[in-house]
Amino acid sequence: DGMNVLFVVVDDLRPVLGCYGDKLVKSPNIDQLASQSIVFSNAYAQQAVCAPSRVSFLTGRRPDTTRLYDFYSYWRVHAGNYSTMPQYFKENGYVTLSVGKVFHPGVSSNYSDDYPYSWSVPPFHPSTEKYENDKTCRGKDGKLYANLVCPVDVTEMPSGTLPDIQSTEEAIRLLNVMKTNKQKFFLAVGYHKPHIPLRYPQEFLKLYPLENVTLAPDPWVPEKLPSVAYNPWTDIRQRDDVEALNVSFPYGPLPDDFQRQIRQSYYAAVSYLDMQVGLLLNALDDVGLSNSTIVVFTADHGWSLGEHGEWAKYSNFDVATRVPLMFYVPGMTTSSVSQGERVFPYLDPFSHILGLVPQVRSKKVVELVSLFSTLAELAGLPVPPVCPETSFHVALCTEGASIVRYFNASEKKVEEEKDACDDTYGCFNEEPVAFSQYPRPADTPQWNSDKPKLKDIRIMGYSMRTVDYRYTVWVQFNPNNFSANFEDVHAGELYMVQTDPNQDNNIYNNTSHGCFFKKILG
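Conventions and cut-offs
Residues numbered from 1 in each chain as written. Predicted model: local features only at pLDDT ≥ 70, side-chain atom pairs only at ≥ 80, totals over all residues. Heavy atoms only, no water. UniProt positions renumbered as here; feature names shortened; annotations may be inferred. Disulfide = S-S within 2.5 Å. Helix = DSSP H or I, 4+ residues; strand = E, 2+ residues; numbered from the N terminus. Buried < 20%, exposed > 50% of the residue type's maximum accessible area, 1.4 Å probe, protein only. Phe/Tyr/Trp six-rings, centres within 6.5 Å; stacked < 30°, edge-to-face > 60°. Core = buried A, V, L, I, M, F, W, Y, C linked by side-chain atoms within 4.5 Å. Contact = heavy atoms within 4.5 Å. Salt bridge = Lys/Arg side-chain N within 4 Å of Asp/Glu carboxyl O. Pairing = 2+ DSSP bridges. Axes fitted to C-alpha atoms, helices over the stretch in contact; angles between N-to-C directions. Parallel < 35°, antiparallel > 145°, perpendicular 65-115°, else oblique. Nonpolar A, V, L, I, M, F, W, Y, C, P; charged D, E, K, R; others polar.

Identification of the protein as Iduronate 2-sulfatase from Cochlearius cochlearius is taken from an unreviewed UniProt entry. Taken from UniProt, the Sequence similarities (unreviewed entry) comment for the protein reads in full: "Belongs to the sulfatase family."

Listed below in C-alpha cells is the structure:
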C-alpha cells in the first residue's frame, strides 16, 4: 500500500534554519527532520506572495496559468477547473485533511479552502486566528497595540492560546483518528508564523539576546536596482510600532535598533514554529506511523529581513523567493524504520541540541510547482501528465516535473569544459532553472506596489534563477488579456551568484544578455 503523506507548509519562512547553515537560529526539530531527509538548498517559489504561490504549488501550475497574481479570483472559475494535489490523492483513495493555512483563505479558494474538491472533511481553522491583527501586544506603557514586533504572554491571549498551538493540537488529534481507523491519509498542516505580526510566546526572545542579532549584511537599497524591482513594504508600515517611527516612503530606512528587533522577533517566531513541528513529528512517532509516512516540509515563499533596504516578501530577490524544502521518505532517504522505532523524539529548542545535518543535500535548482508530481511519484501514484503549451481546458496535468530523479543523484559533478569565450556567464549550460514572477502597478514604488490588484498590474517581472545567476526582465503586462509583451522591457536585473551571492550588484546594463533573454522566452 502507498505511504501516508504529512505535508507541512509554513507562511513566510525563509531558510533561516540550522540545517541550512544559519548559525544564530535554534531549530533542533526541523534540523532533526532534515537529518533524515533530502534537503534542497536551491528551492524557489513561483511568486513571493501567499495566495498565488499556494494556488500554484497546490495545482502544479504557474501563476500565468492559474491567472492568480493577487488574492481576488478562484482559479476554477477564472482560469480552468484544475485538479489539485490533495484532490488527486483523495481521488486515489486517501483521506485528505487540511489544518491551518494551507490554501490561502477567501475568494482565491472559494471561501472554503477548495472543499469539497480537495478535502475529505471541511478544513480546520484555529478559533483564535481571528485575533491575529487585533491589539494584543503590550507596549512599554502597558497599553495594547497592533504591533509588528509582538512577543506575548500566552496566558493573557484570547482563549489562552495561539493559532499555531491549536493547529498542532488538531493535527495530532487527526493522526490519532487515522491510526485508529487505519486510513491512508494526506494531512496538510499550515503554520502561520513567522508571518507578521511577529506574535509568539515571549519566552522565545531569550534565545536571541539583542546583542547577538546583527543587521542584514546589505541593509541599503542597491545603487543599480531598478525602481520597479523595489518593494516598499507597505504592510509593515501599517503596524502601530512601525507607524510610530514615521519613516519616509518608499525607501525608509527603518532605524537600526528597530531593524534588529524585527530580526530578533523573526528568529524567535522560527523557534516557536520549530517547537510546533517538533510536537507534531513526535506525535507521528507516538502513533507508530513514522515508518509509513512521507513528510514534506516547505514554505510558500521567503521574507526580506532588511536586505536591500526591503522588508516582507513581494519581490524577485532570493530572500523573497527561496524556501526550505525537504522530503523524509522512509526506506529511501533513510534506511527503513522498524515499527515503533522513534525517528523524531521531541527536542527542546531551549536546550540547544545542535549540529544535526541533512541526510542528503541537493544543490539542484528546483521549484515548488514540482511538488504535485513529486509527491504523486513518491506515493506510488501515476504521475500526472505534463501540461500542453496551453492547458486552461486540461483538468489534470502539471507544469512542474517531478524531482524524484534528484533524490539519489550524487553531487559529484563532472566539471565540463566550458567554452570560456562564448559563455562567461554560464548561460548556455543545461542546468535546471527556477522561474518566479512578480507584478507591479508602475515603474516606481507606489502604495500598492507590493500587492497590486489584477486590474492595476502594468508590469510583470519574470525571473530566471540557475545555480550560476539570476536574470529578471520587467516587461509590459496587459491585465485584460493576461499578456506580457517581451518587446517592451522596462528594466532588467542580472546577478552572478558566485561573485555576488546577496544580489547587490546588478550587471544587467553592462552585459550582453541576448542568450538569457532567449532562454527566458523559451
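A.B. asks: Before we go on, may I ask you to explain the state of the cysteines in this structure?
C.D. replies: Disulfides are covalent bonds that connect the sulfur atoms of two cysteines. Counted under the stated rule, the structure contains 2 disulfides. Across a sulfur-sulfur distance of 2.2 Å, Cys137 and Cys150 are joined as a disulfide pair. The sign of the -100 degrees torsion about the S-S bond sets the Cys137-Cys150 disulfide as left-handed. In this pair, Cys137 is assigned in strand 4 (residues 137–138) and Cys150 in strand 6 (residues 149–152), connecting sequence segments 13 residues apart. Residue classification places Cys150 among the buried residues on the basis of a relative accessible area of 0%. Cys50 takes part in no disulfide bond, and the closest cysteine sulfur, belonging to Cys150, lies 18 Å away.

A.B. asks: Please explain the packing of aromatic side chains as it appears in this structure.
C.D. replies: To describe a pair of aromatic rings, one takes the distance between the centres and the angle between the planes. In the structure shown here, the tally under the stated rule is 25 aromatic pairs. A ring pair is formed by Phe7 and Phe186, whose centres lie 6.1 Å apart and whose planes are at 25 degrees; its orientation type is stacked. Of this pair, Phe7 sits in strand 1 (residues 4–10) while Phe186 is found in strand 7 (residues 185–191), placing the two residues 179 residues apart along the sequence. Judged by relative accessible area, which is 0%, Phe186 ranks as buried.

A.B. asks: Looking at this structure, I do not really get the nonpolar core. What am I missing?
C.D. replies: Note on soluble globular proteins: their nonpolar side chains tend to be buried together. Of all hydrophobic cores here, the largest spans 130 residues; its most connected members are Phe7, Phe40, Phe186, Leu187, Phe297, Phe327 and Leu375. Top element by residues in this core is helix 9 (residues 256–286). It accounts for 14 residues. Not counting the four nearest positions on each side in its chain, Phe186 is found in contact with Val5, Phe7, Met85, Pro86, Phe89, Tyr94, Val95, Thr96, Leu97, Trp119 and Leu375.

A.B. asks: Quick question: what am I supposed to make of the pattern of salt bridges here?
C.D. replies: A full pass over the atoms with the stated rule returns 18 salt bridges. For Arg199, the salt bridge identified is with Glu132, shortest N-O distance 2.8 Å. Of this pair, Arg199 sits in strand 8 (residues 198–201) while Glu132 sits in the loop between strand 3 (95–100) and strand 4, placing them 67 residues apart in sequence. Comparing Arg199 with Glu132 shows no difference in burial state: the two are buried. In this structure, Asp286 engages Arg342 in a salt bridge whose closest nitrogen and oxygen atoms are separated by 2.8 Å. Of this pair, Asp286 sits in helix 9 while Arg342 sits in the loop between strand 13 (325–328) and strand 14 (360–367); the two residues are 56 residues apart in sequence, bridging distant segments of the chain. Judged by its relative accessible area of 41%, Arg342 falls in the partly exposed class. One salt-bridge network, held together by shared partners, links Asp11, Arg54, Lys101 and Asp300.

A.B. asks: Can you help me understand unusual backbone geometry in this one?
C.D. replies: Trans is the prevailing form of peptide bonds, just as negative phi is the prevailing case for residues other than glycine. Look at the link from Phe249 to Pro250: it is a cis peptide, with omega at 0 degrees. Its place among the elements puts Pro250 in the loop between helix 8 (240–243) and helix 9. The residue after Gly252, namely Pro253, is reached through a cis peptide bond having omega -5 degrees. When you line up the elements, Pro253 lands in the loop between helix 8 and helix 9. With a phi close to 60 degrees, Tyr314 is a non-glycine residue in the positive phi region. Structurally, Tyr314 is set in the loop between strand 11 (311–312) and helix 10 (318–321). Positioned with a positive phi, Gln503 is a non-glycine residue whose angle comes to about 60 degrees. Here Gln503 is to be found in the loop between strand 18 (483–496) and helix 12 (514–521).

A.B. asks: How should the sheet that holds strand 18 be read in this particular structure?
C.D. replies: Strand pairing in a sheet relies on backbone hydrogen bonds, with the paired strands running either antiparallel or parallel. Read from one edge to the other, the open sheet built from 4 strands follows the order 15-16-17-18, with strand pairing classed as antiparallel. The open sheet terminates on both sides in strands that have one partner only, identified here as strand 15 (434–440) and strand 18. Pairwise comparison of adjacent strand axes, ignoring direction, gives a mean angle of 20 degrees for this sheet. The pairing of strand 17 (residues 469–478) with strand 18 spans 10 bridges and is antiparallel. Opposite Tyr471, over in strand 18, you have Leu494 as the bridge partner.

A.B. asks: I'm lost on the packing of helix 6 (residues 163–181) against helix 9 in this one. Help?
C.D. replies: Geometry of a packed helix pair, given as the angle between the helix axes and the separation of the axes. For the pair helix 6 and helix 9, interaxial distance at closest approach is 9 Å and the crossing angle is 10 degrees. Relative to helix 9, the element helix 6 is oriented roughly parallel. For the pair helix 6 and helix 9, contact is made by Asp164, Ile165, Thr168, Ala171, Ile172 and Leu175 and by Tyr272, Gln276, Leu279, Leu280, Ala283 and Leu284, respectively. Among the residues making up the contact of helix 6 with helix 9, the classes are represented as 9 nonpolar, 2 polar and 1 charged.

A.B. asks: Honestly, helix 2 (residues 50–59) in this entry has me stumped. Any pointers?
C.D. replies: Given 3.6 residues per turn, any residue in an α-helix points the same way as the ones three and four places further on. Across the 10 residues that make up helix 2, a large majority, 10, are buried. When helix 2 is considered as a whole, its buried residues turn out to be Cys50, Ala51, Pro52, Ser53, Arg54, Val55, Ser56, Phe57, Leu58 and Thr59. Lining the buried residues of helix 2 we find strand 1, helix 3 (63–66), helix 4 (75–78), helix 5 (85–91) and helix 11 (371–378). Looking one or two residues beyond helix 2, the residue adopting positive phi is Gly60, at roughly 70 degrees.

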